[in-house]
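The lines below spell out each chain.
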Amino acid sequence: MFKYFPHTQEDLKAMMDKVGVKDLDDLYTQIPDAIRFKNDYQLPSEMSEIEIRQLFDKLGSQNRQMTCFAGYGVYDHYTPSVIPSLLQRSEFLTSYTPYQAEISQGTLHYIFEYQSMMAELTGMDISNASMYDGTTATAEAMMMAVAAGKKVNKVLVSETLNSDIRKVLDTYALHQDIELETIAEKDGVTDFDDLKTKLAAGGVAGVIVQQPNAIGLIEDFTGFADACHDNKALLIINSVAADLAVLKTPGEWGADIAVGDGQSLGIPMQWGGPYVGYMCCTEKLIRKMPGRIVGMTKDNRDQRAFVLTLQAREQHIRRQKATSNICSNQSLMALFVTIYMSLMGKQGLKEAAQLSYAGAHYLCDKLLATGHFSLVYDKPFFNEFLVRYDKDLDELISFYIMNGILPGVKMSDGSLLMAVTEKRTKEEIDFFLSILPMAHGVH
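Residues numbered from 1 in each chain as written. Predicted model: local features only at pLDDT ≥ 70, side-chain atom pairs only at ≥ 80, totals over all residues. Heavy atoms only, no water.

A. Seen up close, the environment of Cys 228. With respect to the helices and strands, the residue Cys 228 is situated in helix α9 (residues 224–230). Sequence spacing of Cys 228 and Ala 200 is 28 residues, and the spatial spacing of their C-alpha atoms is 9.6 Å. Those residues in contact with Cys 228 that sit more than four places away from it in its chain are Leu 199, Val 207, Ala 233 and Leu 235. (Helix = DSSP H or I, 4+ residues; strand = E, 2+ residues; numbered from the N terminus. Contact = heavy atoms within 4.5 Å.)

Set out below in structure tokens:
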């Protein structure tokens with residue numbers, strides 16, 4: 001029946017009898033008939049290599065390559081060409097979870113280097129590896145805080161956190177018996193007074209804030225760590241990794257856990273992934289940390305060796321008791337950002353961040369000078385800012401898209417969130433500004 005399946009007709013009949021169906025199609029009766037595909041697949045005939053290349057070139061040409069001024073968690077940073085070349089080496093590209101750690105020295109080595117760099121970037125004691133992306137890393141930190149807090153299950157989440165991250169937190173919390181409560185925003189940033197009030201009510205395991213926040217504002221977390229720790233709660237800070245090259249680090253703010261996405265460290269936007277989340281924490285929380293932690297030791301010949309260390313066995317074996325069930329490995333993308341940080345160095349990371357900052361402020365100042373844009377919040381921002389437009393925003397966005405530019409992300413309140421990275425040249429920004437008068441003409 002299915003020539004690549006080992007089951008005989010007798011096997012299939014025995015299984016169908018067991019579950020009480022007469023035909024394999026009966027397994028799909030709950031799927032509405034209107035959405036079931038019953039025709040033959042329109043598979044093309046075989047092609048030669050050159051024909052395949054021509055086909056994919058033709059398909060690829062249908063994509064519109066636009067100049068990107070959009071962000072909201074994913075940013076158009078430059079990828080040095082050496083990174084894909086190194087990643088495509090077979091020993092890296094085919095690597096997976098290092099189940100047999102003693103023969104996975106190459107994989108463990110670069111995870112160790114990744115951990116070392118991320119710990120330094122965030123100002124934290126410890127880093128792990130294998131977080132899927134920044135959003136789920138934040139959810140893992142939420143569960144980690146509850147596990148560390150033992151008899152408390154409430155986590156406070158700032159209203160200024162990216163809404164996509166909040167949705168994932170809601171989903172995880174629903175099935176983990178975790179109560180989420182929102183800390184109000186005030187003038188675009190986390191309301192410290194509201195935080196203190198909610199902490200004083202008791203029962204809080206952790207507090208989640210974002211830096212820069214969802215709309216690009218740089219928040220002042222002075223006193224946040226003390227307020228959390230006085231109430232036996234952990235402070236969790238979500239940050240865009242690249243921004244930490246110049247901003248005050250989570251460690252300097254007194255955070256217990258630092259999480260976020262590493263996409264900004266050179267990973268292309270590529271339709272949403274794969275990305276890599278990072279998680280760093282203080283040393284006292286190391287045994288609550290999910291994912292992988294690689295350590296360095298010496299073998300019996302006194303040579304340097306790398307090992308998996310301090311990993312909870314519940315994660316693999318007694319899964320019902322585990323804080324986390326992360327078992328697969330995101331090490332290829334960890335290698336990606338490790339190569340990126342190695343190439344850029346401390347100074348290169350700072351320069352890229354400074355170019356992003358300078359470009360965003362240049363664009364913002366020029367837009368405000370037109371009289372058609374105003375800042376929603378006149379507060380310090382990094383490379384992303386929120387503006388209001390005094391005419392039809394949908395028509396403005398359509399105009400720019402027709403001219404090959406993605407101008408930003410339209411927010412639910414009708415404002416426009418714009419981002420600038422080191423890839424955006426002055427010429428591109430000036431072109432954006434030069435055609436703005438033409439946009440007014442469409443109204």
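B. Main features of the sheet that holds strand β4 (residues 179–183). On the basis of which strands lie adjacent, the open sheet formed by seven strands has the order β2-β10-β9-β8-β7-β3-β4 and mixed pairing. Edge positions in the sheet fall to β2 (126–127) and β4, since each has one partner strand and no second. Sheet analysis places strand β3 (residues 154–158) next to strand β7 (residues 204–211), joined by four bridges and oriented parallel. Note that in β7 the partner of Val 155 across the bridge is Gly 206. Packing against the sheet, helix α5 (residues 105–122) makes contact with β2, β9 (257–261) and β10 (277–281), and its axis sits at approximately 70° to β10. Strands in contact with helix α8 (residues 192–200) are β3, β4 and β7; relative to β4, the strand with the most contacts, it is inclined by about 150°. (Pairing = 2+ DSSP bridges. Axes fitted to C-alpha atoms, helices over the stretch in contact; angles between N-to-C directions.)

C. Spotlight on the packing of helix α11 (residues 331–369) against helix α13 (residues 426–434). The N-to-C vectors of α11 and α13 enclose an angle of 20°; their axes lie 11 Å apart at closest approach. For the element pair α11 / α13, the angle class is roughly parallel. Regarding α11 and α13, the two cross each other, and that crossing is right-handed. Here Gly 359, Tyr 362, Leu 363, Lys 366 and Leu 367 of α11 come into contact with α13, specifically with Lys 426, Ile 429, Asp 430, Phe 432 and Leu 433. Residues of the contact of α11 with α13, tallied by class, amount to six nonpolar, one polar and three charged. (Parallel < 35°, antiparallel > 145°, perpendicular 65-115°, else oblique. Left-handed = near helix turned anticlockwise from the far one by under 90°. Nonpolar A, V, L, I, M, F, W, Y, C, P; charged D, E, K, R; others polar.)

D. Representation of the packing of aromatic side chains within the structure. In this structure the tally under the stated criterion is twelve aromatic pairs. Seen in terms of ring centroids, Phe 221 and Trp 253 are 5.6 Å apart; in terms of plane orientation they differ by 75°. Their pairing is edge-to-face. Here Phe 221, found in the loop between β7 and α9, pairs with Trp 253, found in helix α10 (residues 250–253); they are 32 residues apart in sequence, far enough to count as distant. For Trp 253, a relative accessible area of 12% translates into the label buried. Measuring from ring centre to ring centre gives 5.4 Å for Phe 399 and Tyr 400, while their planes differ by 80°; the resulting arrangement is edge-to-face. Here Phe 399 matches Tyr 400 in class, with each residue buried. In this structure, Lys 248 is placed above the aromatic ring of Trp 253, and the distance from its NZ or CZ to the ring centre is 4.0 Å. (Phe/Tyr/Trp six-rings, centres within 6.5 Å; stacked < 30°, edge-to-face > 60°. Buried < 20%, exposed > 50% of the residue type's maximum accessible area, 1.4 Å probe, protein only. Lys NZ or Arg CZ within 6 Å of the ring centre and 35° of its normal.)

The quantities given are spatial measurements derived from coordinates; they are silent on function.
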